[in-house]
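Next come the chains, spelled out residue by residue.
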Amino acid sequence: MEFTHFDTQGNAWMVDVGEKEDTRREAVARGSIFLSPECFDMVARGEMKKGDVLSVARIAGIMGAKKTSELIPLCHILNLTKLTVDFEMKKETNEIQAVCSARVTGKTGVEMEALTGVSTALLTIYDMCKAVDKSMEIGQIYLEKKTGGKSGEYVNPRVQEPVFGEGSEA
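Residues numbered from 1 in each chain as written. Predicted model: local features only at pLDDT ≥ 70, side-chain atom pairs only at ≥ 80, totals over all residues. Heavy atoms only, no water.

Colleague: Residue-level account of the overall build of the protein chain, with values.
Modeller: Looking only at helices and strands, the protein chain features four helices and five strands. Secondary structure elements of the protein chain, listed N to C terminal, follow the sequence β-α-α-α-β-β-α-β-β. Put simply, of all contacts in the protein chain between residues at least 6 apart along the chain, 69% involve residues at least 24 apart. (Helix = DSSP H or I, 4+ residues; strand = E, 2+ residues; numbered from the N terminus. Contact = heavy atoms within 4.5 Å.)

Written out as structure tokens, the structure is:
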């Protein structure tokens, strides 16, 4: 396997994507934060002193995804056409799952943007809840699906159900 982000002398460089064709590319990433039962209930009821945790985390996730090229070395700046961050509350495990969907028409994929969006959203939840629960755990961050580009479609084997449903705008 050849490394794409190093020149022949072993120096890091940003891959030249100038000759690639623009294609529609989408990616969905997911991650979780596990909270204490008390903290989970406070978030669900909107009772955190810092405000509406999930609304703030949604905006933070979108902002984080938009800044991916500033945070991750060698990532290209992308003209994103769509970003969403949504949450699934799982009471049985006191877990909040964050899901970030990213879309672009361009020369390189949006996997890193989706992963950065999820990570930023989860970190924001931690920040807004740490006064109540310092034992929160963030994890299980992964790419669910990506489409477009030379490598085509990828669906993570751990995904049990379709990520983009019929009529979905992800």
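Colleague: Explain the sheet that holds strand S4 (residues 137–147) residue by residue, including any values.
Modeller: Taken in spatial order, the five strands make up an open sheet running S2-S3-S1-S4-S5, and their pairing is antiparallel. Both edges of this open sheet fall to strand S2 (82–90) and strand S5 (154–155), since each of them pairs with a single strand only. Inspection of the sheet shows strand S1 (residues 23–34) paired to S4 by eight bridges, in the antiparallel sense. When the sheet's bridge partners are listed, Phe34 is paired in S4 with Glu137. Helix H1 (residues 37–45) contacts S2 and strand S3 (95–106) of the sheet and is inclined by roughly 125° relative to S2. Where helix H2 (residues 53–66) meets the sheet, its contacts fall on S2 and S3, and the angle it forms with S2 comes to roughly 140°. (Pairing = 2+ DSSP bridges. Axes fitted to C-alpha atoms, helices over the stretch in contact; angles between N-to-C directions.)

Colleague: Before we move on, can you summarise the side chain of Thr124 with the specific residues and values?
Modeller: Topologically, Thr124 is positioned in helix H4 (residues 111–129). Residue Thr124 is classed as buried on the basis of its relative accessible area, which comes to 13%. Only 2.8 Å separates the side chain of Thr124 from the backbone oxygen of Thr120, close enough to count as a polar contact. Those residues in contact with Thr124 that sit more than four places away from it in its chain are Val56, Ala57 and Ala60. (Buried < 20%, exposed > 50% of the residue type's maximum accessible area, 1.4 Å probe, protein only. Polar contact = N/O pair within 3.5 Å; in protein donor to acceptor, adjacent residues only side chain to side chain.)

Colleague: Give a description of the packing of aromatic side chains that names residues and reports values.
Modeller: As enumerated under the stated definition, the model contains zero aromatic pairs in all. A cation over a ring is seen here: Arg158 above Tyr142, with NZ or CZ 3.9 Å from the ring centre. (Phe/Tyr/Trp six-rings, centres within 6.5 Å; stacked < 30°, edge-to-face > 60°. Lys NZ or Arg CZ within 6 Å of the ring centre and 35° of its normal.)

Colleague: Requested: an account of H1, with residues and values cited.
Modeller: Within the span of H1, buried status applies to Cys39, Phe40, Met42 and Val43. Buried residues in H1, looked at end-on, bunch into an arc of 160°, giving them a common side. Within H1, the exposed residues directed more than 90 degrees away from the buried face are Glu38 and Ala44. Buried residues along H1 sit against H2, S2, S3 and H4. (Arc of directions from axis to C-beta.)

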